[in-house]
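Coordinates in review
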Amino acid sequence: MDMTVAKKKLGLKERYAVMTRGLDWTPSYQKMEDIYPYITYEGIKIHDWDKWEDPFRLTMDAYWKYQAEKERKLYSVLDAFTQNNGHLNVTDARYLNTVKLFLSGISPLEYVAHRGFAHAGRQFPGPGPRVACLMQSLDEIRHAQTQVHAVSNYNKYYNGMHDFHHAHDRVWFLSVPKSFFDDAITAGPFEFMVSIGFSFEYVLTNLLFVPFVSGAAYNGDMAAMTFGFSAQSDEARHMTLGLEVIKFILEQDPDNVPIVQRWIDKWTWRGYRVLTLVAMMMDYMLPKRTMSWKESWEIYFEENGGALFKDLARYGIKMPQCAEQIALEKDHLSHQAWSTFYNYAAAANFHTWMPDEDEMAWLSAKYPNSFDKLYRPRYEFWREQAAKGNRFYNKTLPMLCQTCQIPMIFTEPGDPTKICYREVDYKGDKYHFCSDHCKAIFEHEPEKYVQAWMPVHQIYQGNCFPEGTDPTVEGFDPLAAVLKYYHLEHGRDNLDFDVSEDKKNFAEWRGQATKNI
Amino acid sequence: MSTVFLALQTNEETRPIIEAILQDNPSAVVDEQPAMVKINADGRLVVRRQTIEDITGRDYDLQELQVNMITMSGNLDQTDDEITLFWKA
Ligand SMILES: [Fe+2]
Ligand SMILES: [Fe+2]
């Protein structure tokens, strides 16, 4: 009798080929250009889609298996966190403002990333990138959901998180991350991949997630640490996708090089401007600091990004020019941002405060070239004023940059005592910019950026009050009306940390948890 | 040569993997951070299945590493036997 010999299991490379190329087909009764309508207009030329390969060679069956395991791990930790009143284990209640910033600023972007990768994947005629985009699209919706689930435990006890998505679409500073992603998903599929897949995931993600996640670990936040790590385990794959996409496009045709270079220049700058929020989180909002913004920029961008661009030089790709200006800003970025949020604490969904003496000493040590000279005196003045009962709340709305939508708070490259203003006249209107880079981005695509929904303009035009508001009545308080439109409660969700309900409640609850009363 | 790195969660599953990486990569340096281990190497870093299996005494599928990875830098190539991170320049 013949024995049936068990067929040898396919190797990783063959399995990948079977589960990607093997699942594709050539359409017979529809034209390729009708099925993939967005694939040529950006000017990118692709000759052989099969040259694209996922270096992890992950196939859908293995994907589900490992993702399920990640979810099981994550949710058992979240249960333990809730059962153990984990929210009382964070360093101090100021830390929670990091969570609020993350939930309203970043989590909604995960959802938009989900949509973006679903869209891009649909548009690519190659099965390799299509499968990788499908996985990333699923990853991103998982990130949005797990972040909302993890943070919902904090929302039971602390203020400012109750309507994060409503806030994301309306609150002035949240238009910075929101417009960044909206800009990316309204670009063509190739630009989307370069903007999010490469510039954001590969070049900048370490500056967003690693400080945030290790910040959570340092500050006793087990919930954020766990969802952070769970999301980050997908990130390694996203980074690989981003790098492969770039190499693939560049290898396909030399005409692609200048187009890709322009996108890298644009998106590195756009992403860096969004990271302003992370810079101030690292230097001011984590009660126990991990490393300074400047140190993390030096490790993850200058060192690591330097290695990357050296590697890409063989294709003719250069380090984006904006890196020079970013290097000049690294001594100032977080301080200028925190000063702004301190000013506008009445209009935000989280609290701000002045650093204490120890924290000022840390900042002096980390920023010897700038802190004592430029920022400490300002803080000391504000602290004095607050002690006298004059805590400064700025009620004048700032001018915004038309491209990044950040208030015009940044200083001239090389002169930190002078605010940087740039402007452009376009079709009879004047547009303002925070920098030469934001100005250049606008000038290349003015018809896109004139449509930007600028929060300050919208408030002045009367579009950010609850329906039925009459701004002409005597004693009308515009800030109160805007907060209602944001679904924020004055005196509860906003203002200085010192007078907050969060501070009071946290102290009381932690007291109950450690004493027999 | 530029540095490549791989960062893994600190846990029981990654302990033998880190040990294997240190055995197989003479230039590898461990940087322990809160809840995370970052391994830096000069230009090239290899994770070998056989070494992990020798340490743990059980079969290991390199794709299991997906669960515990945090971040990395460098070009990547994965086969049944190895994961390699490398810079070409
Ligand atoms: Fe994500
Ligand atoms: Fe700007």
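The paragraphs below set out a description of the structure included in this document. These figures come from a predicted structure and were not determined experimentally.

1. Things to note about the sheet that holds strand 6 (residues 75-78) of chain B
All names here are of chain B. Sheet architecture is open: three strands sit in the order 4-7-6, paired in antiparallel fashion. A single partner strand is all that each edge strand has here, and the edge strands are strand 4 (44-48) and strand 6. Neighbour-to-neighbour, the strand axes of this sheet turn through a mean angle of 10°, independent of strand direction.

2. Quick notes on the coordination of the iron ion (ligand 1)
Residue and element names in this part refer to chain A. Listed as protein donors to the iron ion (ligand 1) are Glu 110 (OE), Glu 140 (OE) and His 143 (ND1); their distances from the metal cover 2.1 to 2.2 Å. For the iron ion (ligand 1), all donor residues lie on one chain, and their spacing in sequence is E-x29-E-x2-H. One end of the pair, Glu 140, and the other, His 143, are both in helix 6 (residues 127-155), three residues apart, so they sit about a helical turn from each other.

3. Observations concerning the coordination of the iron ion (ligand 2)
Residues and elements named next belong to chain A. In this structure, Cys 401 (SG), Cys 404 (SG), Cys 434 (SG) and Cys 438 (SG) serve as the protein donors to the iron ion (ligand 2), at separations of 2.3 to 2.4 Å. On the primary sequence, the residues serving as donors to the iron ion (ligand 2) are separated as C-x2-C-x29-C-x3-C. Placement of the pair is Cys 401 in the loop between helix 17 (371-387) and strand 1 (411-412) and Cys 434 in the loop between strand 4 (429-433) and helix 18 (436-444), with a sequence separation of 33 residues.

4. Looking at the interface of chain A and chain B
Facing the 38 residues of chain A at the interface are 30 residues of chain B. Contact with chain B buries surface across chain A, with Phe56(A), Tyr66(A) and Phe229(A) losing the most and accounting together for 20% of the total. Joining chain A to chain B, the criterion identifies two salt bridges. The partner of Lys73(A) in a salt bridge is Glu13(B), and the shortest N-O contact between them spans 3.5 Å. Counting the contacts that link chain A with chain B gives 14 residue pairs in polar contact (both at pLDDT 80 or more). Looking at the side of chain A that touches chain B, the elements with two or more residues in it are helix 1 (12-19), helix 3 (60-83), helix 9 (189-218), helix 10 (222-252) and helix 13 (293-312) of chain A. A per-element tally of the side of chain A that touches chain B places helix 10 of chain A first, with 11 residues. Residue classes in the side of chain A that touches chain B are distributed as 19 nonpolar, seven polar and 12 charged.

5. Considerations on the nonpolar core
One finds Phe173(A), Phe198(A), Trp293(A) and Val47(B) to be the most contacted residues of the largest nonpolar core, which totals 178 residues. Ranked by residue count, the leading element in this core is helix 9 of chain A, at 17 residues. Counting eight residues, the second-largest nonpolar core is a separate cluster that includes Leu58(A), Met60(A), Tyr63(A) and Tyr66(A).

6. Here's the deal with the side chain of Ser195(A)
If you trace the backbone, Ser195(A) turns up in helix 9. Not counting chain neighbours up to four residues away, the residues in contact with Ser195(A) comprise Ala184(A), Phe200(A) and Trp267(A).

7. Thoughts on the packing of helix 9 of chain A against helix 10 of chain A
Residue and element names in this part refer to chain A. Taken N-terminus to C-terminus, the directions of helix 9 and helix 10 make an angle of 150°; their axes are 8 Å apart at the nearest point. Put simply, helix 9 runs roughly antiparallel to helix 10. The way helix 9 lies across helix 10 gives a crossing that is left-handed.

8. Topic: the layout of surface pockets
Residue and element names in this part refer to chain A. Within this model, the largest pocket holds a volume of roughly 370 Å³. Looking at the largest pocket, it is lined by 22 residues, and the ones nearest its centre are Thr 340, Arg 378, Met 408, Ile 409 and Ile 419. Of all the elements in the fold, those that place two or more residues in the lining of the largest pocket are helix 15 (333-343), helix 17 and strand 2 (415-419). For the lining of the largest pocket, the per-class residue count stands at 12 nonpolar, eight polar and two charged.

9. Things to note about unusual backbone geometry
Residues and elements named next belong to chain A. For Arg 57, which is not glycine, the phi dihedral falls at a positive 50°. Tracing the sequence through the fold places Arg 57 in the loop between helix 2 (32-35) and helix 3. Despite not being glycine, Asn 85 has its phi angle at roughly 50°, a positive value. Accessibility expressed as a relative area gives 38% for Asn 85, which makes it partly exposed.

10. Let's talk about the packing of aromatic side chains
Two descriptors summarise a pair of aromatic rings, namely the distance from one centre to the other and the angle between the planes of the rings. This model, assessed by the stated rule, comprises 41 aromatic pairs over all chains. On the basis of an interplanar angle of 85° and a centroid distance of 5.7 Å, the ring pair of Phe173(A) and Phe350(A) is categorised as edge-to-face. Highlighted residues: Phe173(A) in the loop between helix 7 (164-168) and helix 8 (175-185) and Phe350(A) in the loop between helix 15 and helix 16 (357-366), separated in sequence by 177 residues. Seen in terms of ring centroids, Tyr426(A) and Phe442(A) are 6.1 Å apart; in terms of plane orientation they differ by 90°. Their pairing is edge-to-face. In this pair, Tyr426(A) sits in strand 3 (residues 422-426) while Phe442(A) sits in helix 18, placing the two residues 16 residues apart along the sequence. Chaining the aromatic ring pairs together yields one cluster made of Tyr284(A), Trp338(A), Tyr342(A), Trp353(A), Phe371(A), Tyr379(A), Trp382(A) and Phe497(A). One Lys or Arg, Arg391(A), reaches over the ring of Tyr342(A) and ends 3.6 Å from the middle of that ring. Here the guanidinium or amino end of Lys38(B) rests over the ring plane of Phe5(B), the centre of that ring lying 4.3 Å away.

11. Considerations on helix 18 of chain A
Residue and element names in this part refer to chain A. Residues of helix 18 that are buried include every one of Cys 438, Ile 441 and Phe 442, and no others. Each buried residue of helix 18 lies within a common arc of 100° when the element is viewed along its axis, so the set occupies one face. On its buried face, helix 18 sits against helix 11 (256-274), strand 3, strand 4 and helix 19 (446-449).

Basis of the calculations
Residues numbered from 1 in each chain as written. Chains lettered and ligands numbered in written order. Predicted model: local features only at pLDDT ≥ 70, side-chain atom pairs only at ≥ 80, totals over all residues. Heavy atoms only, no water. Pairing = 2+ DSSP bridges. Helix = DSSP H or I, 4+ residues; strand = E, 2+ residues; numbered from the N terminus. Axes fitted to C-alpha atoms, helices over the stretch in contact; angles between N-to-C directions. Donors = N, O, S within 2.8 Å, 3.2 Å for Na, K, Ca; no water. Contact = heavy atoms within 4.5 Å. Buried area = accessible area lost by both parts, 1.4 Å probe. Salt bridge = Lys/Arg side-chain N within 4 Å of Asp/Glu carboxyl O. Polar contact = N/O pair within 3.5 Å; in protein donor to acceptor, adjacent residues only side chain to side chain. Nonpolar A, V, L, I, M, F, W, Y, C, P; charged D, E, K, R; others polar. Core = buried A, V, L, I, M, F, W, Y, C linked by side-chain atoms within 4.5 Å. Buried < 20%, exposed > 50% of the residue type's maximum accessible area, 1.4 Å probe, protein only. Parallel < 35°, antiparallel > 145°, perpendicular 65-115°, else oblique. Left-handed = near helix turned anticlockwise from the far one by under 90°. 1 Å grid on protein atoms, 1.4 Å probe; cavity = no way out; pocket = protein on both sides within 12 Å on 5 of 7 lines; lining within 4 Å. Points joined across faces, edges and corners; volume = space filled by probe spheres on them. Phe/Tyr/Trp six-rings, centres within 6.5 Å; stacked < 30°, edge-to-face > 60°. Lys NZ or Arg CZ within 6 Å of the ring centre and 35° of its normal. Arc of directions from axis to C-beta.

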